[in-house]
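# Reading the structure
Given next are the chains, with one letter for each unit.
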Amino acid sequence: MSRSSGSCGQWLPGFPVLKPSFEWCRLGGTRASSASVEGFALIDVLVGLALVGVISSLMIVFLGQARTMMRIEKATEMQMEVDAASRFLETAISRAEPLPLSKSSPEHVIYLSGEPGRIEFNGVQAIGFRSSALREITVSLGSEAEDILTIDQKPRRGSDSSRSTENQSVRLIAGVTAIKFEYLDGSPGASLWSDSWSAQRRLPAAVRFTISVDRDGAAYSSAGFARLELADRQAQPRN
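It should be emphasised that the depicted structure is a prediction, and the values quoted were computed from it without experimental measurement. Throughout this description, residue numbers start from 1 for each chain and increase along the sequence as written. Per-residue local features of the predicted model are confined to residues with pLDDT of at least 70, and side-chain atom pairs are confined, for both listing and counting, to 80 or more; whole-chain, interface and lining totals are unaffected and use all residues. Derived side-chain values reflect all non-hydrogen atoms in the structure, with water molecules and hydrogen atoms excluded from consideration.

We now examine the overall build of the protein chain. Helix and strand counts for the protein chain come out as two helices and 10 strands. A run of DSSP states H or I qualifies as a helix once it reaches four residues; a run of E qualifies as a strand once it reaches two. Both are numbered from the N-terminal end. Counting from the amino terminus, helix and strand elements in the protein chain follow one another as α-α-β-β-β-β-β-β-β-β-β-β. Sorting the 239 residues of the protein chain into buried and exposed places 28% on the buried side. When checking whether two residues touch, look at their non-hydrogen atoms; a contact exists if any pair is within 4.5 Å. Taking the intrachain contacts of the protein chain between residues at least 6 apart in sequence as the baseline, contacts between residues at least 24 apart amount to 50%. For the protein chain, the accessible area works out to roughly 16,200 Å², and carbon and sulfur atoms hold 56% of it. Relative accessibility decides the category of a residue: with a 1.4 Å probe and only protein chains considered, values under 20% of the type maximum give buried, values over 50% give exposed, and everything between is partly exposed. Surface accessibility in these figures is a Shrake-Rupley result with a 1.4 Å probe; residues are shielded only by whichever protein chains are displayed.

This is the structure:
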């Protein structure tokens, strides 16, 4: 029997032929150790965790700031809505006309009827594009279940006289918890604010009010002041 040998192995009598592996030959007969396998070291894992922690912290701060900005923006929009309602009432009340209300009688002529939570007067209101008409206006707070500040308008003259009993209700703002009107008596020697007005044939010199609104758990308020333009106008006696 002949002797056979390979580049990395040798046949010996009585033993099977040795078949050396490719790795054994490549390393010159030295077996590769497990330390030569590449992998993540402990320091790499720690650095990765630190980066994840920093990014998470920055995201939490960013989200907190975004929520704060959204709350501020929402509160600003709500306050603007309350202020707009207040400015609308200022304009409407300042244009009150010295004309009798529908509930007036010959013995008791009232131009403006005022209570802490309600005001009634006659005024010219826009009813369309470049069109206006005289209306008897009532501003009051709706039912407690709705908490809506409403404006009721009742036609008083002209083509609307046949419908004088029909009210046109407009919702001004919702979520109103309170509204308070006060009236200034501009007559000589008076000049005092009161919480009601029922003087005959006279308008108050000014009306001030406060609107309080509760929306989504946040409270808003707006104060208004209306100086009546025709407060000094007196009705001419009829013969």
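Read from one edge of the open sheet, four strands run 8-7-9-10, paired in antiparallel fashion. The open sheet has two edge strands with one neighbour each: strand 8 (193-194) and strand 10 (218-227). Lines fitted to C-alpha atoms define the axes here, with helix axes fitted over just the stretch in contact, and angles between the N-to-C directions of these axes take values from 0 to 180 degrees. Each of strand 7 (176-184), strand 9 (206-215) and strand 10 is contacted by helix 2 (residues 42-94), which is oriented at about 20 degrees to strand 10, the strand it contacts most. For two strands to pair, DSSP has to find at least two bridges joining them.

With that out of the way, let us pick up the pattern of salt bridges. By convention in these notes, a salt bridge is any Lys or Arg side-chain nitrogen within 4 Å of a carboxyl oxygen on Asp or Glu. One pass over the full model with this rule turns up eight salt bridges. Its salt-bridge partner being Arg 87, residue Glu 90 comes within 3.0 Å of it at the nearest N-O pair. Placement of the pair is Glu 90 and Arg 87 together in helix 2, with a separation of three residues, close to one helical turn. The class for Arg 87 is partly exposed, based on a relative accessible area of 35%. Where salt bridges share partners, they join Lys 103, Arg 118 and Glu 120 into one cluster.

Attention now goes to the side chain of Ser 94. By the element assignment, Ser 94 lies in helix 2. Beyond its immediate sequence surroundings of up to four residues, Ser 94 is in contact with Ala 226, Arg 227, Leu 228 and Glu 229.

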